[in-house]
Amino acid sequence: MLGLLHQDTWLSPQDRITAQDCIWEQEQHPTIEKRTRRDIARAVPGNILADHYPRFRALLGTLFDLGQGQIFLLQTRDGSLGGQIDRHFHHNDDWTVEELFDALGAVDASDRRFALLLEGMVSGATVTDEAAQRQLVEAINGPLTVPGLELRETGSADGYPVFELVATRARGGRPKQLIFGSSRKPDLRLIDAIDNDLEVLDHHDDVLVYDRPIGPAGLRWRDLQTWWQETHHIEDDAEAKRQLWQRLGRSLPRNAPHQTLLFVEYHEIYSDVLPDLPALLPEVWRHWDHKTVKERGKDALVQFRMDFLLLAPGGARIVLEVDGQTHYASEQGRRGERRWSPDGDRYAHTMAQTRDLGLAGYEVYRFGTNELEEEDKDEVRAMLTHFFDNLFRRHRIAAPRRSN
């Protein structure tokens, strides 16, 4: 991993660092923004690094110029960066990890150098305790979720797990158009294959198509309402909000009360702060094929439609699925005596769909219908509030403040 970083070279440490960064600049590396780096520094349990300090110090020496010791007032005192780190992070314990990162220049370092720092911090060569390794990885992976990255276990070395920085979102582009709000297969056609222009042949209100640019903040309710208000020529904000909410609700399947309950609860829980939260888009089409599954056969695309989609900051695509019995069981028995029985094939199919969505760059959360019973509305609201509050924190969406 650190093959280019050995110090037994004729280059000075600073020249070596400059040369490495020039080489890495020609390569593609995941971007880790300064805010994410600071969030990581604040999340890292510094005591673990202090407990393994000699090895951690050696890692820092391979990545940064720690300098040489100097002499002050007839006493030998190491005034180099390495000496300062020894005093303040190890001996006196008065530097936080964030202050250490600032002193090293880690916050401003190249993306590749910072990635090597993270991988080195959690390696068995630095932390010789697997439980401590995993504790560090868990702390670091929280902030890394926002840019779509994670430290993932990819193997082992000398009996310790190896973690590498990888992208969790396969897609790098932004959505070009959203086709949603339709519980049946929309009637579409490609009118310009070169520009990828689609035409919706259904009545304009049967299928919703959002084709405006989606920025780094994702698609918030205020963005969706502005689009609805302008395309439907509605002057009053409250009226636009009411009509949009009703239209989205009408797209939910009539035989799916649990899906409707999730939709309603989201808007009631966060009614006071809804404009700046991600819009909860129902019945979003991911695949579209002019042929049916029966016609297409084994090569047919699955998971045509998602129950709900949230487009969060940083390009995150969050899928919410409400799973009834058909996702894990099938009806068996004679007519009049039919009952639901566990079906391994159906369950495997559901899990395969989840994996496929994850590999395609979507973050998937599944709710069982038993969790969303109308009779337990208070429990359902508490569960959903806990879920969404934590989801928002994970994606750096401002902590909601509700009047209730």
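Residues numbered from 1 in each chain as written. Predicted model: local features only at pLDDT ≥ 70, side-chain atom pairs only at ≥ 80, totals over all residues. Heavy atoms only, no water.

Chemist: Teacher, can you tell me more about the overall build of the protein chain here?
Modeler: Looking only at helices and strands, one finds 14 helices and 14 strands in the protein chain. Within the protein chain, contacts between residues separated by at least 24 positions form 59% of all contacts whose residues are at least 6 apart in sequence. Just so you have it, the protein chain exposes about 22300 Å², and 48% of that area is on carbon and sulfur atoms. (Helix = DSSP H or I, 4+ residues; strand = E, 2+ residues; numbered from the N terminus. Contact = heavy atoms within 4.5 Å. Areas by Shrake-Rupley, 256 points an atom, 1.4 Å probe, with all protein chains shown as cover.)

Chemist: How should the sheet that holds strand S9 (residues 281–285) be read in this particular structure?
Modeler: Across a sheet, paired strands are connected by hydrogen bonds in the backbone, their directions being either parallel or antiparallel. The strand order across the open sheet formed by 4 strands is S9-S10-S11-S14, and the pairing between neighbours is mixed. Every other strand in the sheet has two partners, leaving S9 and strand S14 (362–368) as the edge strands with one partner each. Along the sheet, successive strands turn relative to each other by an average axial angle of 40°, direction set aside. In the sheet, S9 pairs with strand S10 (residues 305–311) via 4 bridges, with the strands oriented antiparallel. (Pairing = 2+ DSSP bridges. Axes fitted to C-alpha atoms, helices over the stretch in contact; angles between N-to-C directions.)

Chemist: Mind showing me how you'd approach the pairing of strand S11 (residues 317–323) here?
Modeler: Every other side chain in a regular strand lies on the same face of the sheet, so the side chains alternate between the two faces. By the criterion of burial, S11 is predominantly enclosed, with 7 of the 7 residues buried. Residue alternation in S11 divides its side chains into two sets, Arg317, Val319, Glu321 and Asp323 and Ile318, Leu320 and Val322, and both sets are buried. Across 4 bridges, S10 lies against S11 in antiparallel orientation. Residue pairing for S11: Leu309 is matched across the bridge by Val319. (Buried < 20%, exposed > 50% of the residue type's maximum accessible area, 1.4 Å probe, protein only.)

Chemist: Sorry if this is basic, but what is going on with the packing of helix H4 (residues 53–63) against helix H5 (residues 81–91) here?
Modeler: If you want to describe how two helices pack, look at the angle between their axes and the distance between the axes. For the pair H4 and H5, the least separation of the axes is 12 Å and the interaxial angle reads 145°. Both H4 and H5 take part in a crossing whose hand is right-handed. Where H4 abuts H5, its residues Tyr53, Phe56, Arg57 and Leu60 lie against Gly82, Gly83, Ile85, Asp86, Phe89 and His90. In terms of residue class, the contact of H4 with H5 is built from 5 nonpolar, 3 polar and 2 charged. (Left-handed = near helix turned anticlockwise from the far one by under 90°. Nonpolar A, V, L, I, M, F, W, Y, C, P; charged D, E, K, R; others polar.)

Chemist: When you look at unusual backbone geometry in this model, what are you seeing that I'm missing?
Modeler: The phi torsion of most residues other than glycine is negative, and most of the peptide bonds are trans. Positive phi values are uncommon outside glycine, yet Asp158 reaches one of about 55°. Tracing the backbone through its elements, the reader meets Asp158 in the loop between strand S3 (149–157) and strand S4 (160–167). For His233, which is not glycine, the phi torsion reads 55° and is therefore positive. Examined against the element boundaries, His233 turns out to sit in the loop between helix H9 (221–231) and helix H10 (237–250). Residue class for His233 comes out exposed when judged on its relative accessible area of 72%.

Chemist: Explain a negative patch on the surface here, please?
Modeler: Together, Glu375, Asp376, Asp378 and Glu379 make up a negatively charged patch on the protein surface. Inspection of the secondary structure assignment puts Asp376 in the loop between S14 and helix H14 (377–394). (Patch = residues over 30% accessible without salt bridge, like charges linked within 9 Å, V, L, I, M, F, W, Y side chains within 5 Å. Salt bridge = Lys/Arg side-chain N within 4 Å of Asp/Glu carboxyl O. Lys, Arg positive; Asp, Glu negative; His and termini not counted. Charge placed at Lys NZ, Arg CZ, Asp CG, Glu CD.)

Chemist: Looking at this structure, I do not really get helix H11 (residues 257–269). What am I missing?
Modeler: Note: α-helices contain 3.6 residues per turn, so residues at a spacing of three or four share the same orientation. When the terminal C-alpha atoms of H11 are compared, their 18 Å separation across 13 residues agrees well with the 18 Å that a helix rising 1.5 Å per residue should span. Counted residue by residue, H11 has 10 buried out of 13 residues, so it is predominantly covered. Restricting attention to buried positions, one finds in H11 the residues His258, Gln259, Leu261, Leu262, Phe263, Val264, Glu265, Tyr266, His267 and Ile269. (Expected span 1.5 Å × (residues − 1).)

Chemist: Explain the pairing of S4 here, please?
Modeler: Of the pairings in the sheet, the one linking S3 to S4 comprises 8 bridges and is antiparallel in character. By the bridge assignment for S4, Ser156 is matched with Pro161. The antiparallel hairpin formed by S3 and S4 contains 2 residues in its connecting segment, where Asp158 sits at a positive phi of about 55°.

Chemist: Looking at this structure, how should I read the nonpolar core?
Modeler: Generally speaking, soluble globular proteins have nonpolar side chains that are buried together. The biggest cluster of nonpolar side chains holds 52 residues, and the ones touching the most others in it are Leu178, Phe180, Leu224, Leu262, Tyr266, Leu320 and Phe388. Take this core: its biggest share by element is 6 residues, from H14. Each residue touching Leu178, except ones within four places of it in the same chain, is listed here: Leu208, Val209, Tyr210, Ile214, Leu219, Leu281, Leu309 and Leu311. Within the second largest apolar cluster, 42 residues are counted, among which are Ile32, Ala41, Leu116 and Leu136. (Core = buried A, V, L, I, M, F, W, Y, C linked by side-chain atoms within 4.5 Å.)

Chemist: Would you explain the pattern of salt bridges in this entry?
Modeler: Pairing is possible between side chains that carry opposite charge, provided their charged atoms lie close to one another. Within this structure, the stated rule accounts for 21 salt bridges. One salt bridge connects Arg212 with Glu230, and the closest N-O pair in it is separated by 2.8 Å. Pair noted here: Arg212 is in the loop between strand S8 (208–210) and H9 and Glu230 is in helix H9, with a separation of 18 residues, a long-range link. A salt bridge links Glu283 to Arg305, with the shortest nitrogen-to-oxygen separation between them at 2.4 Å. Placement of Glu283 in strand S9 and of Arg305 in strand S10 is noted, with a sequence separation of 22 residues between them. On the basis of relative accessibility, which here comes to 2%, the residue Glu283 falls in the buried class. Residue class for Arg305 comes out partly exposed when judged on its relative accessible area of 28%.

Chemist: Explanation requested: the side chain of Glu265 in the structure shown.
Modeler: Counting through the fold element by element, Glu265 comes out in helix H11. For Glu265, the contacting residues outside a window of four places in its chain are Lys377, Arg381 and Leu384.

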